[in-house]
Amino acid sequence: MLAPMPAQFVDADRSLSTLTCCKDAMAILPIKPSSYFIDLPPELWTAIFLLMDGRTILRCSAVCHRFKDIIQASMELQYRIELVADGMVDGPPSSLTVGERLTRLRELRRSWATLQWSSKICVPMPGPCHAYELVGGVFCKMHHSAPQPFRARHLTAAWLPSALDPQGRTLVRENVGFPTRDFAVDPSQDLIIYFKGGEGNVLQALIVPSALELCVRTLSTNEAHPEARSPTLRASVLLPVSSAFMQIVDDIIGMWFLIEPERTHITLWNWKTGKVIVDQSTFCAPPKTWDVSFISSRAFFVTTAQKGGTIEIFTFDGDPTEPEGSSSHPLLLTRSSSAHESTASNFVTQPKSNVTHVASLHLPAILSHIRVVNFSTHTGPFLARPPSGRPFVAANEERTHVFSLHYVDPNPEAVRRQMRFCVFLKNSTLERYIRQHQNRSSAGEEGSSVPLAVPWEEWGRENTRFMVHHWSQLEWLRYVHGHRVVLPAPATRNGKAMMCVLDFNVHRDVWRSRCCPPDDDAMDTPKATVISLDKPTTPTSQPTVPKHPRERYAISKHPCFITEPSVEDHPLFFPVPFETALPYRELWHEQEVEYSGIMVDEERIVCLQPASSNGDMKDIHVFTM
């Protein structure tokens, strides 16, 4: 943020004066505003620019040639700009200089542009895998010694090799002290939270209603976390829990779980205070909810199968309020009075609910007899802060959400019974609707308490990319990190397995061409495409019907920058064709062997081999950039 300008310099249209003492007389000398400021010493301007964020520095570089020269001459300013351009945030202080961090950032960019890794390392990971996570460069898994998957006690955590730490390290804990069903981890907070399992047999651990218990521990020592007021978090459930998913976002631990018959419940705790932030007494998920994901530490969205599919955006307060007349029973749902109203605006909350329904984003309309039978979502993990020893990490805000959409025609005699899509959406789009709602509320606009109902035609084309699901089965998660998605692809005609890397951070090349020094070794994208830094990209190319991945790969094995909109024309499922135009870069790579799962983070691809007959993972292959 720029410092306030002195009052005498505010009006640039009138001449400015200053008093100068010349021996015995006072002379009034006119000074041009532009020269007064721009001619300040470069060191002073550099100090001023260092008070700004990367985006503001970049905009200043477009003011005049002198500003551009000053910014290009400063390695620290270049580092600030390129961090933002690559969707990264700076790491904690370390022995690495700014120049070394900038060099590493550029090396990483080149490696991802060509998929040329510096090393391939096999990390031993013996034993079966019941639950797993890849967060902050740490791969963790839980497993059990007996065929009782909800009583896992054995933890293996591997700090994976990287360019700056080629060896890595592994922590093995034979017994965490209690049976576990699942866990979530944030290495930047030395935090692991276990979903405690039952002591009895498998069936009992699965279906007996009781209290959900989460144990808050340190990853390094397995002791109660020092920042947690209570080492155990609890929530009561009155019906059987069939499955659950956990996620840590800063001071929030979220759990969404299914209670028969297939009702989604969402519970959020502040793990530091031990308080329940959101549960069924303050929020009830809409009917036909499929999945839940965080947008930030104070916002989440749910996907629903209603009206052809919707994305319902919610925010919540960090400090819970006790609802009046709260009941242990799920809240009832009422009908909406408007056809365009959000399906989730029907949910009922208690008078003091701290959950706010912000917006409802509708997907393309489908034919009346078509059903949405899957609308799951996945994104990268959250870190409270950059872990120690890391020069930079992906910014939590700069992420892509991947949706798996499955449409079905219930008619057994239909020509085509089903269609699957992968849908890609940037987190910034969801945040934009949160800001709109906050601005409406702050201004006291009429109807600001009602969530925004956004038809597909108003938001979908420029902010999403639909792709027919030709990928292999996505059984392992963590294939998304930041703006990057790594997908296993069908084998080529010669039988070799492939992986496809999609990068939705297309602003990067524009930033570099405007302000960064030339980098001859880096791979450039076409310079003709102009992309706005603040608004969704609007490609001017003619829409095209997307090719099958195998056909695209056969044409070119080089990075492809895709800005033209794609047309989805499927009259058996959609009443009218629709376009999606979110730009991205695409790169294909032939694998040496076929892997059962592929994961990704800022600086590595992690590949999992098919488990042996007894479930043993054996090892994982880590490709470092």
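Quick caveat, the model's predicted, so the values are computed rather than measured.

What counts and what doesn't
Residues numbered from 1 in each chain as written. Predicted model: local features only at pLDDT ≥ 70, side-chain atom pairs only at ≥ 80, totals over all residues. Heavy atoms only, no water. Pairing = 2+ DSSP bridges. Helix = DSSP H or I, 4+ residues; strand = E, 2+ residues; numbered from the N terminus. Axes fitted to C-alpha atoms, helices over the stretch in contact; angles between N-to-C directions. Buried < 20%, exposed > 50% of the residue type's maximum accessible area, 1.4 Å probe, protein only. Salt bridge = Lys/Arg side-chain N within 4 Å of Asp/Glu carboxyl O.

Caption draft 1: Quick peek at the sheet that holds strand β34 (residues 597-600). Taken in spatial order, the four strands of this open sheet run β4-β36-β35-β34, and their pairing is antiparallel. The sheet terminates laterally at β4 (119-124) and β34, the two strands that pair on one side only. Taken pair by pair, the neighbouring strands of this sheet meet at an average axis angle of 25°, ignoring direction. Pairing between β34 and strand β35 (residues 604-608): four bridges, direction antiparallel. Each bridged residue has a counterpart across the sheet, and for Val600 the counterpart in β35 is Ile605.

Caption draft 2: Examining the pairing of strand β10 (residues 191-196) more closely. Here β10 lies mainly inside the structure; five of its six residues are buried. Where strand β9 (residues 180-186) meets β10, six bridges bridge the pair, whose relative direction is antiparallel. From the neighbouring strand, Phe183 faces β10, where its bridge partner is Tyr194. What sits between β9 and β10 in their antiparallel hairpin is a turn of four residues, with Asp190 showing a positive phi close to 50°. Note: β10 against strand β11 (residues 211-218), five bridges, orientation antiparallel. Bridged to Phe195 within β11 is Leu214.

Caption draft 3: Spatial organisation of the pattern of salt bridges. The tally for this structure, following the rule as stated, stands at 20 salt bridges. Arg104 is paired through a salt bridge with Glu107; the nearest N and O atoms lie 3.8 Å apart. A residue pair is termed a helical-turn pair when its members lie 3 or 4 positions apart in one helix, as Arg104 and Glu107 do in helix α6 (residues 98-114) at three residues. Residue Arg104 is classed as buried on the basis of its relative accessible area, which comes to 7%. Within the structure, one salt-bridge network assembled from shared partners comprises Arg104, Glu107, Arg390, Asp601, Glu602, Glu603 and Arg604.

Caption draft 4: The arrangement of the sheet that holds strand β27 (residues 480-481) in detail. In space, the five strands of this open sheet follow the order β27-β28-β29-β33-β30, with antiparallel pairing throughout. Whereas interior strands pair on both sides, the edge strands pair on one side only; in this sheet they are β27 and β30 (560-562). Summarising the sheet, strand β29 (residues 498-503) and strand β33 (residues 584-590) pair through six bridges and their orientation is antiparallel. Its bridge partner lying in β33, Asp503 is registered against Arg585.

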